[in-house]
Amino acid sequence: MAAEGSPTSTSYISHHLKHLAEPVGPGGFWTIHVDTVIVSVLLGLVGIGLVWAVARKATAGVPGRGQAFVELVFDFVDDQARSIFHGDVNKFVGPAALTVFLWVLLMNATSFLPIDLLASVVHLTGVDEFRPVPTADVNTTFALALTVWALMIYFSVAVKGFGGWMHEIFCTPFGSNPLLWVLNLLFNLVELVSKPLSHALRLFGNLYAGEIIFLLLWVWAATGLVGAVGGFVLGLGWSIFHLLIVPLQAYIFMMLTVVYIAMAHESH
Amino acid sequence: MNMTATMIAQAVTFLAFILFTVKFVWPPLLAAIEERRTKIADGLAAADKGARSLEDAQVKINAMVEEARGQARSIIDQAQSRANGIVDEARVNATQERERILKSAQAEVDQQINRARDELRTQVAAITVAGAEQILGREIDARAHQDLLDKLAAQI
């Protein structure tokens, strides 16, 4: 704990929900959450770098343990992508799904780190605010979801042409009668808006809620012996449940990515 | 939870990671896995082929064993018949030999009998002559009564 004296529940929680922010320009928007960026880039480099290191030395013969594990993940992602996307998975969808899965999984997994221990380590460098879970930062989830959204639009145009995409926007799902154009457009706009929203907020909500519950448990744990024992037991329970949530949310995020990009390739 | 430029940084990072995976991570993994899959498929095909050729060989072996068995049987049959032939021949030869020996023995016996009879005859003639000399008290000219003596001897 970095706060001086004994913190109140509110100050404890709000302290842990404060990003290490660095302004890069005028206005509230032009701020970088340094903690989010550092942790996510680091995790991405480590995760994808490890897989890359294995992939570089991949042999077609008997695989080592590392390669076998990477291949397990590869096959899992490849199977999922193939079951949804009926084009050449290897060109883009497969690698994109693998990237999303690995990265999001690692970013989610940082929620297992003991937050106060981490905070005290970070505090040694003179930094007070530090949130280690990038996917509990709405900026990360929206960045990913909007990138996928942009890719979706890119592939819609690339595969069907701009005219084809527009035709889809105006003439589906209700029909190509000019009277229905407005209705179709509205429907598709709702879909276009809801896709990145649900994509981003589902991941963010799950991880953020997980973080908050951990914080609440730690607040309780600071109240005395009963709280410490209760906080430990419930914290253990929630950690175990979180073991399920972390890969599940990574999986869902990957699947939605594949689904959205696959939908962009299919014409109605 | 405020929207900040972090989003831009994260999106750029995300795109970079995706492109890196597309270019450098996915292809070698895919190549290794595909190559191993081909190898395994080849191996399975070879195993199948091996099993099939083993089956063929088994069939061939069975045919050869059957043939050899047939040959052995016919050789045994031939030998059997050959042995029977030899035994029969030997029997025939032995029978002939026995006949021949019997015949020659018989001939010898006959010869002996004849010789004995001839001798006997001459002796009978001599005895007769001697008896007649005793009875008559004098010598008989055997030559003068030769035809008589011969007739007597032939009657015996």
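Here, every reference points to the structure presented above.
Residues numbered from 1 in each chain as written. Chains lettered and ligands numbered in written order. Predicted model: local features only at pLDDT ≥ 70, side-chain atom pairs only at ≥ 80, totals over all residues. Heavy atoms only, no water.

K.L.:
Sorry, what's going on with the overall build of chain B here?
P.N.:
Scanning chain B from N- to C-terminus turns up two helices and zero strands. Relative to the globule expectation of 15 Å for 156 residues, the C-alpha radius of gyration of chain B, 60 Å, shows a markedly less compact shape. If one aligns the C-alpha atoms of chain B with their principal axes, the spans along those axes are about 190 × 25 × 15 Å. Going through the 156 residues of chain B one by one, you find that 15% of them count as buried. Counting only carbon and sulfur atoms, one obtains 60% of the accessible surface of chain B, whose full area is about 12000 Å². (Helix = DSSP H or I, 4+ residues; strand = E, 2+ residues; numbered from the N terminus. Rg over C-alpha atoms; globule rule 2.2 N^0.38 Å. Buried < 20%, exposed > 50% of the residue type's maximum accessible area, 1.4 Å probe, protein only. Areas by Shrake-Rupley, 256 points an atom, 1.4 Å probe, with all protein chains shown as cover.)

K.L.:
What is the right way to read the interface of chain B and chain A from this model?
P.N.:
For an interface, size is often stated in terms of accessible area lost upon the parts coming together. Between chain B and chain A, the residue contacts involve 31 residues of the former and 51 residues of the latter. When the two sides are added together, the surface that chain B and chain A hide from each other amounts to roughly 3700 Å², 77% of it contributed by carbon and sulfur. Taken together, the connections running from chain B to chain A amount to one salt bridge. Between B:Arg36 and A:Glu71 there is a salt bridge, with its nearest N and O atoms 2.7 Å apart. Summed over the shared surface of chain B and chain A, the number is 14 residue pairs in polar contact (both at pLDDT 80 or more). Taken together, the residues of the side of chain B that touches chain A break down into 21 nonpolar, six polar and four charged. (Contact = heavy atoms within 4.5 Å. Buried area = accessible area lost by both parts, 1.4 Å probe. Salt bridge = Lys/Arg side-chain N within 4 Å of Asp/Glu carboxyl O. Polar contact = N/O pair within 3.5 Å; in protein donor to acceptor, adjacent residues only side chain to side chain. Nonpolar A, V, L, I, M, F, W, Y, C, P; charged D, E, K, R; others polar.)

K.L.:
Which parts of the structure should I look at to understand the packing of aromatic side chains?
P.N.:
Any pair of aromatic rings gets described here by the distance separating the centres and the angle formed by the planes. Counted by the stated rule, this structure contains 17 aromatic pairs over all chains. Considering the side-chain rings of A:Phe162 and A:Trp165, the 6.2 Å spacing of their centres and the 65 degrees angle between planes classify their relative orientation as edge-to-face. Of this pair, A:Phe162 and A:Trp165 both sit in helix H6 (residues 138-171), three residues apart, roughly one helical turn. For A:Trp165, a relative accessible area of 13% gives the class buried. When the ring of B:Phe20 is compared with that of B:Phe24, the centres are 5.2 Å apart and the planes differ by 50 degrees; the resulting orientation is tilted. Here B:Phe20 pairs with B:Phe24, and both are found in helix H1 (residues 6-136), just four residues apart, close to one helical turn. Its relative accessible area of 25% is what places B:Phe20 among the partly exposed residues. A residue is classified by how much of its surface remains accessible, and B:Phe24, at 43% relative accessible area, is partly exposed. If you follow A:Arg56 out to its NZ or CZ, it ends over the ring of A:Trp52, 4.9 Å from the centre. (Phe/Tyr/Trp six-rings, centres within 6.5 Å; stacked < 30°, edge-to-face > 60°. Lys NZ or Arg CZ within 6 Å of the ring centre and 35° of its normal.)

K.L.:
Explanation requested: the nonpolar core in the structure shown.
P.N.:
Side chains of a nonpolar character, in soluble globular proteins, are inclined to be buried together. Core analysis: the biggest nonpolar cluster contains 58 residues, and A:Val77, A:Phe92 and A:Val104 have the highest contact counts within it. If you list the elements that add at least two residues to this core, you get helix H2 (34-56), helix H3 (65-84), helix H4 (93-109), H6, helix H7 (181-221) and helix H8 (225-265) of chain A together with H1 of chain B. A:Phe142, A:Ala200, A:Phe204 and B:Ala11 belong to the second-largest nonpolar core, a separate cluster that totals eight residues. (Core = buried A, V, L, I, M, F, W, Y, C linked by side-chain atoms within 4.5 Å.)

K.L.:
For this particular structure, what's the right way to read the packing of H4(A) against H1(B)?
P.N.:
Packed helices, taken two at a time, are described by the angle their axes make and the gap between the axes. Packing of H4(A) against H1(B) leaves a shortest axis separation of 8 Å and a crossing angle of 125 degrees. With respect to H1(B), the axis of H4(A) lies oblique. Pair H4(A) / H1(B) crosses with right-handed handedness. Along the contact surface, H4(A) presents A:Gly94, A:Pro95, A:Ala96, A:Leu98, A:Thr99, A:Val100 and A:Trp103, while H1(B) presents B:Gln10, B:Thr13, B:Phe14, B:Phe17, B:Ile18, B:Thr21, B:Val22, B:Val25 and B:Trp26. (Axes fitted to C-alpha atoms, helices over the stretch in contact; angles between N-to-C directions. Parallel < 35°, antiparallel > 145°, perpendicular 65-115°, else oblique. Left-handed = near helix turned anticlockwise from the far one by under 90°.)

K.L.:
Can you help me understand the environment of A:Thr10 in this one?
P.N.:
Assignment of secondary structure puts A:Thr10 in helix H1 (residues 9-16). Spatially, the C-alpha atoms of A:Thr10 and A:Leu216 are 9.8 Å apart, while their sequence positions differ by 206 residues.

K.L.:
Would you explain the environment of B:Ile101 in this entry?
P.N.:
All names here are of chain B. With respect to the helices, strands and loops of the structure, Ile 101 is situated in helix H1. Of the residues examined, Ile 101 reaches a relative accessible area of 45% and is grouped as partly exposed. Distance from Ile 101 to Pro 28, taken between C-alpha atoms, is 105 Å for residues 73 residues apart in sequence.

K.L.:
Explanation requested: the pattern of salt bridges in the structure shown.
P.N.:
Proximity of charged atoms lets side chains of opposite charge pair with each other. All names here are of chain A. Taken as a whole and assessed by the stated rule, the structure comprises 11 salt bridges over all chains. For the salt bridge of Glu 211 with Arg 131, the shortest nitrogen-to-oxygen distance reads 2.9 Å. Taken together, the residues span a long stretch of sequence, with Glu 211 in helix H7 and Arg 131 in the loop between helix H5 (115-123) and H6 at a distance of 80 residues. The buried category is assigned to Arg 131, whose relative accessible area is 3%. As a salt-bridge pair, Glu 168 and Lys 160 come within 2.9 Å of each other at their nearest N and O atoms. Across the pair, exposure class does not vary: Glu 168 and Lys 160 are buried alike.

K.L.:
What am I meant to see in a nonpolar patch on the surface here?
P.N.:
Side chains of A:Phe112, A:Trp220, A:Leu225, A:Val226, A:Val229, A:Phe232, A:Val233, A:Leu234, A:Leu236, A:Ile240 and A:Leu243 sit close together on the surface and give an oily, nonpolar patch of about 1100 Å² of accessible area. Looking at the element boundaries, A:Leu225 is found in helix H8. (Patch = residues over 30% accessible without salt bridge, like charges linked within 9 Å, V, L, I, M, F, W, Y side chains within 5 Å.)

K.L.:
Mind showing me how you'd approach the side chain of A:His19 here?
P.N.:
Residue and element names in this part refer to chain A. Within the fold, His 19 resides in the loop between H1 and strand E1 (21-23). The class of His 19 is buried, set by a relative accessible area of 12%. Separated by 3.1 Å, the side chains of His 19 and Arg 131 make a polar contact. A distance of 3.5 Å separates the side chain of His 19 from the side chain of Asp 137, its partner in a polar contact. Every residue in contact with His 19, bar those within four places of it in the chain, is listed here: His 33, Asp 35, Thr 36, Glu 129, Arg 131 and Asp 137.

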